[in-house]
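Here is what each chain is made of, one letter per residue.
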Amino acid sequence: MPPSLVRLLSRVPARLRPVPSLRATFTVSFVAVACVVTVLVGILSYSAAARLVRVDQQTVFAEVVRDLRELVGQERLGPEDFAPSDSGGPRDDLIRSGRTDVQVLGPEGQVLDKGDPGLPVRPADRRTAGARFAGTMVEHGEVEVGGGRYRVATVALGGGRGAVQVAQEFSDTEDLLRELQQRTLLFVSGVVVSAGLFGWWLARRQTRRLVQLAGAAEDVARTGHLGIQVPVAGRDEVGRLGRSFDRMLVRLAQSEEDQRRLVQDAGHELRTPLTSLRTNISLLRRIDELPARVREELVDDLAQEARELTDLVNELVDLAAGQSSTEPVQRVQLADIAEDVAATTRRRTGREVAVRVEGDTTVEGRAGALQRAVSNLVENAAKFDRAGTGAIEVVVARGPARGGGDLVDLDDVGQGDGPDVVRVEVLDRGPGVADCDLERIFDRFYRAADARSLPGSGLGLSIVRAVAAAHGGTPFAFRRAGGGLVIGFTVRGAEN
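Just so it is clear, the structure is predicted and the values come from calculations on it, not from any experiment.

Reading the values: rules and limits
- Residues numbered from 1 in each chain as written.
- Predicted model: local features only at pLDDT ≥ 70, side-chain atom pairs only at ≥ 80, totals over all residues.
- Heavy atoms only, no water.
- Patch = residues over 30% accessible without salt bridge, like charges linked within 9 Å, V, L, I, M, F, W, Y side chains within 5 Å.
- Areas by Shrake-Rupley, 256 points an atom, 1.4 Å probe, with all protein chains shown as cover.
- Salt bridge = Lys/Arg side-chain N within 4 Å of Asp/Glu carboxyl O.
- Lys, Arg positive; Asp, Glu negative; His and termini not counted.
- Charge placed at Lys NZ, Arg CZ, Asp CG, Glu CD.
- Helix = DSSP H or I, 4+ residues; strand = E, 2+ residues; numbered from the N terminus.
- Buried < 20%, exposed > 50% of the residue type's maximum accessible area, 1.4 Å probe, protein only.
- Phe/Tyr/Trp six-rings, centres within 6.5 Å; stacked < 30°, edge-to-face > 60°.
- Core = buried A, V, L, I, M, F, W, Y, C linked by side-chain atoms within 4.5 Å.
- Contact = heavy atoms within 4.5 Å.
- Pairing = 2+ DSSP bridges.
- Axes fitted to C-alpha atoms, helices over the stretch in contact; angles between N-to-C directions.
- Expected span 1.5 Å × (residues − 1).
- Arc of directions from axis to C-beta.
- Parallel < 35°, antiparallel > 145°, perpendicular 65-115°, else oblique.
- Left-handed = near helix turned anticlockwise from the far one by under 90°.
- Nonpolar A, V, L, I, M, F, W, Y, C, P; charged D, E, K, R; others polar.

As a further point, take a positive patch on the surface. Where like charges cluster on the molecular surface, the positive patch consists of Arg235, Arg240, Arg243 and Arg247. Summarising the element assignment, Arg243 is placed in helix α6 (residues 237–284). On the accessibility criterion, Arg243 (33% relative accessible area) is partly exposed.

Okay, here's the thing in structure tokens:
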């Protein structure tokens, strides 16, 4: 490429330079490989065929000359014995065995019986014709005769009686090889063209699904609509990519829907305390007109509403953090986390919290999220069992949640199973939960009818469900025999 053209192309912005498509790259690569392989095979095949043909022709001529020398050495033959004859003779045997041209020379090297075509007689051939010993030979590698090229050998009859010239044309062999060469070139060209067409068809067939996938991605980027169905099938890598992309869109759509629901639910839950705050703030404008007792109640209401609003915002932040946590995954002991939560709850509430550990409680997870889930369960038990005198029990054990003993399994809310899970159970002696509420207590912002008068936002147990799901587990709830509730979750245990 001329330097001036290179400099000109280097000045073209990168976004304006032509970008080769995957289809074109695949086609060119396929054609290049097919071209190289076909050319190599053609060259090697032609070379081998040409070598075999030349060696075979030369071998045949050498055998004819050897037979002639043996013949004149064994019998006393003269020039007349190699004359054409209807009854056959040595001349006919030479012509028939090797498709050779035969010419007979006299004692002086004169031509007695001209060949077809006539062969040139050189001084060396004349000397051979007068040679004393039969079988004396002179050979010419390449002789031009009548526009053709021949191998020529002159064999003496002995005793100065003359000689016999035999010749084999190899120009017809070269013509045959040239034709073979031309056909090989045509074959190679046909294979290259066919490879190009097949490569283009194959590239178009293989990249069509990639083009569809790229189009779907561009539609998502342009419209922001995540409900696009990716039309990619097959069991190869492209099919796997399409299915993975489709699952990714489903997850993104679900995440978007969860965020939308979270915003809507949060907005709904925030309206009540904000409305109450706004009402109380409007009363503050006339606080001097209010009696002292009313002023104290107003301030207490404001403080209580501020606390509830703060708790609600904190739980919303915790829920959002649980959905997109950047906390690293590490090996943690759920028993240690339960002990820390129990110590914190004792200080805050003054309630006794007993922790019982059974088996190996090692898990792979996010310590902060797991602590938040356990803390929500224990604080929930303390809140609903305010008048309880017994200890709040926390069980951390290997294996799934199970009914038995003083537990009655009323419902199975997505309960994890299998021996490779670790469960956390919190047992209290509170008022329990009605049967109709068991299935919904882990829903976001859901609060049972008899608990709506108590402080809380209804987000604590939904955070537990989110943390359990993020760790390969599920939440569960049972009504406890004798009153109270058993509530907890399972997580996937760590591999040894």
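The rest of the description comes next.
Here we take up the packing of aromatic side chains. Aromatic ring pairs are described here by two measures, namely the spacing of the ring centres and the angle between the planes. Applying the stated criterion across every chain yields a total of 2 aromatic pairs. Where Phe198 meets Trp201, the ring centres are 5.7 Å apart and the plane angle is 35°; that geometry is what we call tilted. Highlighted residues: Phe198 and Trp201, both in helix α5 (residues 171–223), separated by 3 residues, approximately one helical turn. Looking at Trp201, the relative accessible area reads 43%, which means it is partly exposed. Plain terms: the ring middles of Phe476 and Phe478 are 5.6 Å apart, the flat faces sit at 55° to each other, and that makes the pair tilted. As far as the burial class goes, Phe476 and Phe478 line up, both buried.

Attention now moves to a negative patch on the surface. Side chains of Asp56, Glu63, Asp67 and Glu70 sit close together on the surface and give a patch of like negative charge. Turning to its location among the elements, Glu63 is positioned in helix α2 (residues 22–74).

Ranked by internal contacts, the top residues of the largest apolar core, which has 35 residues, are Leu334, Leu370, Val394, Val426, Ile487 and Phe489. Looking at which element gives the most residues to this core, the answer is helix α9 (residues 367–384), with 9 residues. Those residues in contact with Val394, other than ones at most four positions away along the chain, are Ala338, Val353, Ala354, Val355, Arg356, Val378, Val424, Glu425 and Val426. Membership of the second largest hydrophobic core comes to 15 residues, among which are Val64, Leu68, Val164 and Val166.

Within the open sheet, the 5 strands sit side by side as β2-β1-β5-β4-β3. Their pairing is antiparallel. Taken across any chain shown, the strands that pair with only one partner, and hence form the sheet edges, are β2 (111–113) and β3 (137–145). Taking the axes of each pair of neighbouring strands and ignoring which way they run, one obtains an average angle of 30° across the sheet. Note that β3 and strand β4 (residues 148–156) share 7 bridges and pair antiparallel. Considered in β4, the bridge of Val145 is made with Gly148.

Bringing helix α11 (residues 460–470) into the picture now. An α-helical segment advances 3.6 residues per turn. Residues three or four places apart therefore align on the same side. When α11 is considered as a whole, its buried residues turn out to be Gly460, Leu461, Ser462, Ile463, Val464, Val467 and Ala468. Gly472 sits one or two positions beyond α11 and adopts a positive phi of about 75°.

With 16 residues, helix α8 (residues 334–349) extends 22 Å between its outermost C-alpha atoms, agreeing within 8% with the 22 Å of an ideal straight helix rising 1.5 Å per residue. Buried within α8 we find Leu334, Ala335, Ile337, Ala338, Val341, Ala342 and Thr345. End-on view of α8: buried residues confined to an arc of 150°, all on one side of the axis. At the C-terminal side of α8, Gly350 shows a positive phi close to 80°.

Turning our attention to the environment of Val138. When you line up the elements, Val138 lands in strand β3. A relative accessible area of 18% means that Val138 is categorised as buried. With 11 residues separating them along the chain, Val138 and Arg127 place their C-alpha atoms 9.5 Å apart. Val138 has contacts with Ala124, Asp125, Thr128, Val152, Ala153 and Thr154, leaving out every residue within four places of it along the chain.

Their axes nearest at 9 Å, the elements α8 and α9 cross at an angle of 45°. In this view, α8 runs oblique relative to α9, as classed from their interaxial angle. When you trace α8 past α9, the crossing you get is right-handed. The residues of α9 that touch α8, namely those facing Leu334, Ile337, Ala338, Asp340, Val341, Thr345, Arg348 and Thr349, are Ala367, Leu370, Gln371, Val374, Ser375, Val378, Glu379 and Ala382. Residues that form the contact of α8 with α9 fall into these classes: 9 nonpolar, 4 polar and 3 charged.

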